[in-house]
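# Residue-level structural notes
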Amino acid sequence: LSTVLAQGDDHSPLFTLYGEGPIIEHGRLGEWDSVYNDAGAVIYHDGQFHMLRNGLQSLANGGASIGYLTSEDGLNWTEVSEEPVMATADVPYTDVTAQVGSVLVDDDGTWVMYFHVLDTASFPFSGGSIGRATAPDPSGPWTPDPEPLVLPGEEGAWDDLQVSHARVIRTEDGDYRMYYSGYSQRRHMAIGLALSEDGLTWTKYDDPETTEPPYAESDPIVVATEDWEYADVQHPSVVQTPDGWVMTYRTPGRSGNIGSEVGLGLATSEDGIQWTKYDGNPIFIPSDLPNGHWIWFTTLAYHDGTYFLYMEGSTQRSLGGITDVYATTSEGSLPPPE
């Protein structure tokens, strides 16, 4: 059975929840995915969906590991292996966590994963950077690059503490775009963009009209402007479709990750740089999920006219509650025509 969620202004549904519970559940006590779980990165390639998902026991206990699953319909998933295909310990420049946000397939068949790392377990206010790993096959072996690719900005910049949650798209022109969360030492959050011709060397988007800190060297492309966003936006997930660019994003709430205040927003763009927020935001709040108390990380995918929005949700009231992955879908344009 499906439950209609995320009502628009005209009370028509934007997304429909698949099933009555999560599509991917946490593992047994002591396993690599026994506490936190999110969909990480999802793409459609060679006739099926592929997911590289994040699983954690805790930030303080070995960081994250990355598992690999496949699906024929984007809703019913099969683990290719019970063991993760990559772990935090494989990354030479972090001991805390490495979490996947995007996966691509290059023209030569090489699989490319983009992930973020943290310097300490005090998420979200830890230093962090974005790295890359490659593999001949999604099952591995995955080889991380020896150094991160994208670093926080200089002191005083809007992203001078952490860059994370990288969502990378290769456009029809062959260049690359990376949408990411930027965190400042002043504890503000916004969404940034970096550009690349080869997926290796990245330049942050910089509006030439802003020349003073915190926007002297680069600029965010989405900032908090609405009351429900509580001054912070983060966790972009972006797809390019025949109708244009579509983004979902998250606000952590007034005091940071407070359950009832967390919300997901929708924005659209013609060029992937200038974004228009949906008038019906927020499109999701935690109570939209079955017995839901929290929404953490999200992953947006698109295939053949259907949007797939995967959400990491928890049914526990505790901030440290166990999380599972829920799936919702939407067909047609987002937002729908008026």
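Before reading further, recall that the structure is shown in the block above.
Residues numbered from 1 in each chain as written. Predicted model: local features only at pLDDT ≥ 70, side-chain atom pairs only at ≥ 80, totals over all residues. Heavy atoms only, no water.

This part is about the overall build of the protein. The helix and strand tally for the protein stands at 0 helices and 22 strands. Relative to the globule expectation of 20 Å for 338 residues, the C-alpha radius of gyration of the protein, 18 Å, shows essentially globular dimensions. Its C-alpha atoms give the protein principal-axis dimensions of roughly 55 × 45 × 40 Å. Residue pairs at least 24 apart in sequence account for 50% of intrachain contacts in the protein once pairs closer than 6 positions are excluded. Put simply, the protein shows about 14,400 Å² of open surface, and 46% of that area lies on carbon and sulfur atoms. Positive and negative side-chain charges in the protein, numbering 13 and 52 respectively, have mean positions lying 7 Å apart. (Helix = DSSP H or I, 4+ residues; strand = E, 2+ residues; numbered from the N terminus. Rg over C-alpha atoms; globule rule 2.2 N^0.38 Å. Contact = heavy atoms within 4.5 Å. Areas by Shrake-Rupley, 256 points an atom, 1.4 Å probe, with all protein chains shown as cover. Lys, Arg positive; Asp, Glu negative; His and termini not counted. Charge placed at Lys NZ, Arg CZ, Asp CG, Glu CD.)

What follows covers the side chain of T171. By secondary structure assignment, the location of T171 is in the loop between β12 (162-170) and β13 (176-183). Excluding its chain neighbours within four sequence positions, the residues that come into contact with T171 are R177, Q240 and W245.

Turning to the sheet that holds strand β16 (residues 234-241), a few remarks are in order. With antiparallel pairing, the 4 strands of this open sheet are ordered in space as β16-β17-β18-β19. Of all the strands in the sheet, the pair left with one neighbour each is β16 and β19 (276-277). As judged from the 7 bridges shared by strand β17 (residues 244-251) and strand β18 (residues 263-269), these two strands associate in the antiparallel manner. Paired with Y249 across the strands is G265, a residue of β18. (Pairing = 2+ DSSP bridges.)

Here the structure, examined in full by the defined rule, presents 7 salt bridges. A salt bridge links E31 to R28; the nearest nitrogen and oxygen atoms lie 2.8 Å apart. Take E31: its relative accessible area is 25%, and that puts it in the partly exposed class. With relative accessibility at 63%, the residue R28 sits in the exposed group. With a closest N to O distance of 3.1 Å, R53 and E79 form a salt bridge. Here the residue R53 occupies a position in strand β4 (residues 48-56), and E79 occupies one in strand β6 (residues 77-79), the gap between them amounting to 26 residues. A single salt-bridge network, built from bridges that share partners, covers D33, R53 and E79. (Salt bridge = Lys/Arg side-chain N within 4 Å of Asp/Glu carboxyl O. Buried < 20%, exposed > 50% of the residue type's maximum accessible area, 1.4 Å probe, protein only.)

Looking along the chain, the bond that leaves N281 and enters P282 is cis, with omega of 0 degrees. Of note, P282 is situated in the loop between β19 and β20 (294-303). Cis peptide bonds are those with omega within 30 degrees of zero, and the linkage from L334 to P335 qualifies with -15 degrees. Its place among the elements puts P335 in the segment after β22 (324-331). One non-glycine residue, Y230, lies in positive phi territory at about 50 degrees. Inspection of the secondary structure puts Y230 in the loop between β15 (203-204) and β16. Accessibility expressed as a relative area gives 28% for Y230, which makes it partly exposed.

The next point concerns the environment of V85. The topology assignment puts V85 in the loop between β6 and β7 (86-87). For V85, a relative accessible area of 16% puts it in the buried group. A C-alpha to C-alpha distance of 35 Å links V85 and D243, two positions 158 residues apart in sequence. Once residues within four sequence positions are removed from consideration, V85 is found in contact with L52, I66, G67, Y68, P138, S139 and W142.

Moving on, we get to the packing of aromatic side chains. Under the criterion given, the structure shown has 15 aromatic pairs. Aromatic pair Y179 and W275: ring centres 6.0 Å apart, planes at 90 degrees, arrangement edge-to-face. Linking Y179 in strand β13 with W275 in the loop between β18 and β19, this pair joins segments that are 96 residues apart in sequence. By the burial criterion, Y179 is buried, and W275 matches it. (Phe/Tyr/Trp six-rings, centres within 6.5 Å; stacked < 30°, edge-to-face > 60°.)

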